[in-house]
Amino acid sequence: MPNLGEAFPRPYQRADLIVADPAYGDIVRHCERVTRGEIRDALAATVPPGSRDGLRRRTRPRGGRCQGFYRGAEVRELYERGAEMGTG
């Protein structure tokens, strides 16, 4: 499980990760600062989330102030695309 707390730098704060993979600099959920790379990693995990709620618990894309209102459709599309590829 990824560290979701604020005690350690998150991927969007790490320039080395963003240089290696720009998906870590593409913030998909602004209120919780969830990046496209974090969502992709969760969907490709050894034990992928079985639902969008599972994805929420792993990466918090619907857990902030907006409760997924802004760009929620994009997170749903990422989840469904991952599920189609057999990674989610």
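In what follows, the accompanying structure is described. In this text the structure is predicted, and so the values were computed from the model without any measurement.

Quick look at the overall build of the protein chain
Counting secondary structure elements, the protein chain contains 4 helices and 2 strands. Reading the secondary structure of the protein chain in the N-to-C direction produces α-β-β-α-α-α. In the protein chain, buried positions account for 35% of the 88 residues. Pairs at least 24 residues apart make up 47% of the contacts formed inside the protein chain by residues separated by at least 6 positions.

Thoughts on the nonpolar core
By size, the foremost hydrophobic cluster in this structure holds 9 residues: Val28, Val34, Ile39, Ala42, Leu43, Leu55, Val75, Leu78 and Tyr79. Going through the elements one at a time, helix H2 (36-43) and helix H4 (72-84) are the ones with two or more residues in this core.

The rules we used
- Residues numbered from 1 in each chain as written.
- Predicted model: local features only at pLDDT ≥ 70, side-chain atom pairs only at ≥ 80, totals over all residues.
- Heavy atoms only, no water.
- Helix = DSSP H or I, 4+ residues; strand = E, 2+ residues; numbered from the N terminus.
- Buried < 20%, exposed > 50% of the residue type's maximum accessible area, 1.4 Å probe, protein only.
- Contact = heavy atoms within 4.5 Å.
- Core = buried A, V, L, I, M, F, W, Y, C linked by side-chain atoms within 4.5 Å.

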